[in-house]
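Okay, here's what each chain looks like letter by letter:
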Amino acid sequence: MFRFAALVFVASLSITPAALAQVSGGWQPYLDSAYGFSAALPLGAFEVVEAEGTPGMALREIGGQATVNLYGGPAQGMTREALEDRLETGAQLSTTTYRAGGDSWFVLSGFYGGERKDTIFYTKVLFSSDHQTFSAFEITFPARDKPRFEALVEHFEDNFTRPRP
């Protein structure tokens, strides 16, 4: 249900935000009108695609396998721990290799299972200051491409904001 997805394509072995800007035309600002969160999107390297049955925005890497999903929603009555557990025990996830969090945010990263077992996911969820809504993104990419996606994930994470109250 809460499926978010991933990011970028550049024909180099490593990628930095500066390199992406040169290849893709840079990062484009995005503001979600329903929940008020914002992000910087690598639209030169990704294209917007239909979100396949989930609300929000989905991007797919042009010429590659990475995806990015952005999502916002109501969080009334849901604790950070409950949402984190719900995401971590989802049918598609196999192994969580990294987790971090605070009172109003958390990050999960690891690997999908089944046919996608060689796919890394990185998910970040931010709650609004009143804890009534949340914003989230998930970036997925082939594990073999981790070196070229690390800087992109960091840039995306640094420019992603929590929803307005």
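Check the entry above for the structure.
Small disclaimer: the values here were computed from a predicted structure and weren't measured.

Colleague: What is the right way to look at the overall build of the chain in this model?
Modeller: The helix and strand tally for the chain stands at 3 helices and 9 strands. For the chain, the α and β elements follow one another from N to C terminus as α-β-β-β-β-β-α-β-β-β-β-α. Looking at the chain as a whole, 46% of its 165 residues are labelled buried. Looking at the chain alone, contacts between residues at least 24 apart form 55% of all its contacts between residues at least 6 apart. Accessible area for the chain stands at about 8100 Å²; split by element, carbon and sulfur atoms hold 52% of it.

Colleague: Hey, could you run me through unusual backbone geometry in this one?
Modeller: Most peptide bonds adopt trans geometry, and most residues besides glycine take a negative phi value. Phi is positive for H131, close to 60 degrees, though the residue is something other than glycine. Summarising the element assignment, H131 is placed in the loop between β8 (119-127) and β9 (133-142).

Colleague: I tried to follow the packing of aromatic side chains on my own but got confused; where do I start?
Modeller: The geometry of an aromatic ring pair is captured by two quantities: the separation of the ring centres and the angle between the planes. Overall, the coordinates contain 9 aromatic pairs when judged by the stated rule. The interplanar angle of 55 degrees and the centroid separation of 6.3 Å between the aromatic rings of Y30 and F37 together place this pair among those described as tilted. Judged by its relative accessible area of 0%, F37 falls in the buried class. Arranged with centres 5.6 Å apart and planes meeting at 50 degrees, the rings of F37 and F160 form a pair that is tilted. Taken as a pair, F37 in the loop between β1 (28-31) and β2 (38-41) and F160 in the segment after α3 (146-158) lie far apart in primary sequence, 123 residues in all. Each member of the pair, F37 as well as F160, is classed as buried. One aromatic cluster is present, built from ring pairs that chain together Y30, F37, Y122, F137, F156 and F160. In this structure, K124 is placed above the aromatic ring of W105, and the distance from its NZ or CZ to the ring centre is 5.6 Å.

Colleague: When you look at the pairing of strand β7 (residues 105-112) in this model, what are you seeing that I'm missing?
Modeller: In summary, the side chains of a regular strand alternate between the two faces of the sheet. With respect to burial, β7 is a largely interior element, 6 of its 8 residues being buried. Pairing analysis gives 7 bridges linking β7 to β8, with the strands arranged antiparallel. Of the residues in β8, the one forming a bridge with V107 is K124.

Colleague: So what exactly am I meant to see when it comes to α3 here?
Modeller: An α-helix turns once per 3.6 residues; consequently, residues spaced three or four apart project the same way. In this model, α3 (13 residues) spans 18 Å end to end at C-alpha, consistent with the 18 Å of a helix rising 1.5 Å per residue. Taken residue by residue, α3 has R148, F149, L152, V153, F156 and E157 as its buried positions.

Colleague: Just to check I follow, could you spell out the nonpolar core for this structure?
Modeller: Side chains of a nonpolar character, in soluble globular proteins, are inclined to be buried together. Counting residues in each nonpolar core, the largest one holds 25 residues, and the members touching the most others are L41, L70, F156 and F160. For this core, the secondary structure elements donating two or more residues are β2, β4 (57-61), β5 (67-74), β8, β9 and α3. Here the element with the most residues in this core is α3; it accounts for 4 residues. Formed by 12 residues, the second largest nonpolar core is a distinct cluster that contains F106, Y112, F121 and A136.

Thresholds applied
- Residues numbered from 1 in each chain as written.
- Predicted model: local features only at pLDDT ≥ 70, side-chain atom pairs only at ≥ 80, totals over all residues.
- Heavy atoms only, no water.
- Helix = DSSP H or I, 4+ residues; strand = E, 2+ residues; numbered from the N terminus.
- Buried < 20%, exposed > 50% of the residue type's maximum accessible area, 1.4 Å probe, protein only.
- Contact = heavy atoms within 4.5 Å.
- Areas by Shrake-Rupley, 256 points an atom, 1.4 Å probe, with all protein chains shown as cover.
- Phe/Tyr/Trp six-rings, centres within 6.5 Å; stacked < 30°, edge-to-face > 60°.
- Lys NZ or Arg CZ within 6 Å of the ring centre and 35° of its normal.
- Pairing = 2+ DSSP bridges.
- Expected span 1.5 Å × (residues − 1).
- Core = buried A, V, L, I, M, F, W, Y, C linked by side-chain atoms within 4.5 Å.

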